[in-house]
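Topology and contacts: notes
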Amino acid sequence: MQWSDEGLILSVRPHGETAAIVEVLTAKHGRHAGLVYGGRSRRMRPVLQTGNHVDVTWKARLADQLGHIAVELRRGYGAEAMSDAKALAGLSTITTMARLLPERDPAPNLYEITMFVLSFIDDPSVWPALYARWELSLLDELGFGLDLSQCASTGSNDNLIYVSPRSGRAVSASAGEPYRDKLLQLPSFIRDGNAAAGVTAQDLKDAFILAGHFLEARVLTPAGETLPDVRARMIELVTRGSDHLRQ
Amino acid sequence: MARKIAGPEIERLIQLLGRLPGLGHRSARKAALALVKRRDELLLPLAAALGDAAEKLRECGNCGNIDTLDPCSICRDERRDRSLIVVVEEIGDLWALERAAVINSRYHVLGGHLSPLDGIGPDRLNIPKLIERARDPIVSEVLLALSSTVEGASTAHYLREALSSIEVSVSELAKGVPVGGELDYLDEGTLSAAIKSRRRM
């Protein structure tokens with residue numbers, strides 16, 4: 001068995017004294033692990049940094065074996081983000097959250113979105129909003145996507161500003177008014193799909209609360225897990241130091 | 001099935017030696033044989049040294065170093081620069097800096113780095129004691145000598161923020177071309193860091 005693909009390094013664990021078990025989010029083969037011979041060598045350590053974009057060749061005798069991976073660097077996002085606390089927190093959050101995906105289950109759309117978010121990781125005015133949308137895509141990929149197309153109560157698609165925390169469906173301003181304290185806010189950049197323009201710090205907070213609620217309720221809590229600390233730290237960094245965003 | 005080559009005591013010795021870094025089963029057998037052959041000059045002194053170390057080693061309550069004294073010999077050394085604290089991830093890093101003898105300061109061992117993957121958050125690291133030490137008016141600089149990895153950099157950013165309310169200057173190690181490094185063989189990340197931190201000659 002052998003295949004080649006591109007991917008994003010999600011984790012690297014030492015194996016023995018010289019090898020490493022590397023987990024990669026690949027474009028066509030999903031989240032996939034493999035053993036990298038010499039993965040702890042001086043030559044390979046810079047390549048095997050979490051968040052790096054790499055070319056991967058996986059080989060094994062049988063499909064269900066761990067197999068060996070040969071890795072070549074495409075772009076060192078890890079090294080690029082190291083000097084920027086926000087970018088590093090964003091990169092770490094993406095690689096941590098992407099581990100929620102099932103193993104060896106291709107998610108080409110999410111992979112494409114992931115690489116798109118990372119391509120803006122050096123621009124703090126853009127990537128936090130893209131990341132917020134990425135979390136909703138992650139929910140979609142996990143089978144728990146939200147229905148934000150029309151109001152759950154009236155069926156209209158006008159002035160959708162809330163989301164029901166139970167059903168994950170959008171609610172219009174008029175239908176949601178009596179329950180406004182119980183409903184989650186739906187930021188306009190999530191609703192309209194425009195992540196680049198006019199995103200306020202409050203919009204970002206609302207988006208993170210929205211995605212965080214459903215990730216916890218539908219994915220993490222049933223598995224006995226919680227949202228990772230690194231996500232909370234990333235949110236604190238991007239919403240606190242949001243001079244570029246309208247308050 | 002592999003045949004046993006000696007009694008259970010020697011087999012156990014081989015098994016335990018084989019768990020040490022750098023030793024496989026074959027090397028462990030060689031080491032055990034050397035110990036058995038040189039009983040008086042190697043085996044007994046080593047056993048005594050291991051017993052001593054196991055009994056007396058303790059973690060320094062001040063910096064997290066391992067020593068037989070608490071505070072450790074480094075913290076007690078009056079000749080060291082007390083205005084500088086060098087923060088390292090592990091004791092091995094402290095030993096590496098001491099071996100190089102490039103800095104005459106005191107240290108602070110964090111006991112690891114932040115790792116979302118392993119669930120290691122700030123509460124699992126020796127950070128509160130660092131903050132307490134940094135508040136000492138005699139301390140003017142904290143040097144973050146952490147790994148140049150994503151986890152090391154995340155830890156450094158966290159510490160910089162945690163120390164921001166204290167009047168100390170926070171510095172980090174330079175990143176770039178290693179001594180003996182040829183540009184042709186360097187990875188893009190190192191080259192990029194070297195270019196970013198270029199300096200006028």
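To be clear, the structure that these remarks concern was listed above.
As a starting point, this report considers the structure included with it. Here the residue numbers are simple positions, counted from 1 along each chain's written sequence. Lettering of chains starts at A and numbering of ligands starts at 1, both following the order in which they are written. The model is predicted, so local features are restricted to residues of pLDDT at least 70 and side-chain atom pairs to those at 80 or more, both for listing and for counting; the totals for chains, interfaces and linings are taken over all residues. Just so you know, side-chain values use all the structure's heavy atoms and leave hydrogens and water out.

Looking at the overall build of chain A
This is how it is decided: Under the scheme used here, helices are H or I runs from DSSP no shorter than 4 residues and strands are E runs no shorter than 2 residues, and both carry numbers assigned from the N terminus. Using C-alpha atoms as the atom set, the radius of gyration is obtained and then compared with a globule rule of 2.2 Å times the number of residues to the power 0.38. Per-residue accessibility, obtained with a 1.4 Å probe over protein chains only, is compared with the maximum for each type, and a residue is labelled buried under 20%, exposed over 50%, and partly exposed between these values. Contact criterion: two residues are considered in contact whenever any of their non-hydrogen atoms come within 4.5 Å of each other. Under the convention used here, a 1.4 Å probe and the Shrake-Rupley method define accessible areas, while residue burial counts only the protein chains that appear. Positive: Lys, Arg. Negative: Asp, Glu. His and the chain ends are not part of the count. For the purpose of locating charges, the reference atoms are NZ of Lys, CZ of Arg, CG of Asp and CD of Glu.
In terms of regular secondary structure, chain A is built from eight helices and eight strands. The globule rule puts the C-alpha radius of gyration for 247 residues at 18 Å, and the 19 Å found for chain A is close to it. In chain A, which comprises 247 residues, the proportion classed as buried is 51%. Sequence-distant contacts, at least 24 apart, represent 56% of the contacts inside chain A between residues at least 6 apart. When the accessible area of chain A is evaluated, it comes to approximately 11400 Å², of which 48% is carbon and sulfur surface. Taken as two groups, the 26 positive and 29 negative side-chain charges of chain A have centres that lie 4 Å from each other.

With respect to the side chain of S172 of chain A
Residues and elements named next belong to chain A. Positionally, S172 belongs in strand 7 (residues 170–172). Under the relative-accessibility criterion, S172 is labelled buried at 2%. Apart from residues lying up to four places away in sequence, S172 is in contact with C151, T154, S156, D158, N159, L160 and Y162.

Focus: the sheet that holds strand 6 (residues 169–172) of chain B
All names here are of chain B. Defined as follows: For two strands to count as paired, DSSP must find a minimum of two bridges between them. Axes here refer to lines fitted to C-alpha atoms; in helices the fit is confined to the stretch in contact. Angles between the N-to-C directions go from 0 to 180 degrees.
The strand order across the open sheet built from four strands is 4-3-5-6, with neighbouring strands paired in parallel fashion. The open sheet is flanked by strand 4 (105–109) and strand 6, the only strands paired with a single partner. Strand-to-strand twist in this sheet, taken as the mean axis angle between neighbours without regard to direction, amounts to 25 degrees. Here strand 5 (residues 141–144) runs beside strand 6; their pairing, made up of four bridges, is parallel. Bridge assignment links V142 to a residue of strand 6, and that residue is V170. Across the face of the sheet, helix 5 (residues 91–100) comes into contact with strand 3 (81–88) and strand 4 while running at roughly 160 degrees to strand 4. Taken strand by strand, helix 6 (residues 127–134) contacts strand 3, strand 4 and strand 5, and its axis lies near 150 degrees from that of strand 4.

So, the packing of helix 2 (residues 25–37) of chain B against helix 3 (residues 39–56) of chain B
Residues and elements named next belong to chain B. Note the following rule: Note on terminology: angles under 35 degrees are roughly parallel, angles over 145 are roughly antiparallel, angles of 65 to 115 are roughly perpendicular, and the others are oblique. Lys, Arg, Asp and Glu make up the charged group, whereas Ala, Val, Leu, Ile, Met, Phe, Trp, Tyr, Cys and Pro make up the nonpolar group; the residues left over, Gly among them, are polar.
In contact at an axis separation of 6 Å, helix 2 and helix 3 are set at 115 degrees when each is read in the N-to-C sense. Taken together, the axis directions place helix 2 and helix 3 in an arrangement best described as roughly perpendicular. Contacts between helix 2 and helix 3 involve A34, L35, V36 and K37 from the former and R39, L42, L43 and L46 from the latter. Taken together, the residues of the contact of helix 2 with helix 3 break down into six nonpolar, no polar and two charged.

Brief notes about the nonpolar core
Applicable threshold: Each nonpolar core is a collection of buried residues, namely Ala, Val, Leu, Ile, Met, Phe, Trp, Tyr and Cys, held together in the definition by side-chain atoms within 4.5 Å.
Residues L118, Y131, W134, L138, F189, F208 and M234 of chain A are the most contacted members of the largest nonpolar core, which totals 64 residues. If sequence neighbours within four positions are ignored, W134 of chain A has contacts with I94, M97, A98, L110, I113, T114 and V117 of chain A. Core analysis: the next-biggest nonpolar cluster, separate from the first, contains 18 residues, L125, I127, L130 and V142 of chain B among them.

Regarding the side chain of R106 of chain B
All names here are of chain B. Under the convention used in this document: Salt bridge, as used here, is a side-chain nitrogen of Lys or Arg placed within 4 Å of a carboxyl oxygen of Asp or Glu. By the criterion applied in these results, polar contacts are pairs of N or O atoms within 3.5 Å in which, for protein atoms, one can donate a hydrogen and the other can accept it, and in which residues neighboring in sequence qualify only through two side-chain atoms.
Assignment of secondary structure puts R106 in strand 4. Of the side chains bearing the opposite charge, E78 lies closest to the buried R106, which forms no salt bridge; the N-O distance is 4.5 Å. Separated by 3.2 Å, the side chain of R106 and the backbone oxygen of C75 make a polar contact. A polar atom in the side chain of R106 sits 3.2 Å from the backbone oxygen of D77.

Brief notes about the pattern of salt bridges
Counting across every chain of the model gives 18 salt bridges over all chains. For D118 of chain B, the salt bridge is made with R13 of chain A, and the minimal N-O distance between the two is 3.1 Å. Placement of D118 of chain B in the loop between strand 4 and helix 6 and of R13 of chain A in strand 1 (residues 2–15) is noted, with the two residues assigned to different chains. A salt bridge links E23 of chain A to R31 of chain A; the nearest nitrogen and oxygen atoms lie 2.3 Å apart. Linked by salt bridges that have partners in common, R233, E236 and R240 of chain A together with E161 of chain B make up one network.

Let's talk about the packing of helix 2 (residues 85–97) of chain A against helix 7 (residues 150–162) of chain B
A pair of packed helices is characterised by two quantities: the angle between their axes and the separation of those axes. Spelled out, the test is: Working rule for handedness: look at the near helix, and if it is turned counterclockwise from the far one by less than a right angle, call the crossing left-handed; if clockwise, right-handed.
At their nearest, the axes of helix 2 of chain A and helix 7 of chain B sit 10 Å apart, and the two run at 130 degrees to each other. By the criterion of interaxial angle, the relationship of helix 2 of chain A to helix 7 of chain B is oblique. The interaxial crossing formed by helix 2 of chain A with helix 7 of chain B has left-handed handedness. In this structure, helix 2 of chain A contributes A85, L88 and S92 of chain A to the contact, and helix 7 of chain B contributes V150, A153, S154, H157 and R160 of chain B. Of the residues in the contact of helix 2 of chain A with helix 7 of chain B, the class split is four nonpolar, three polar and one charged.

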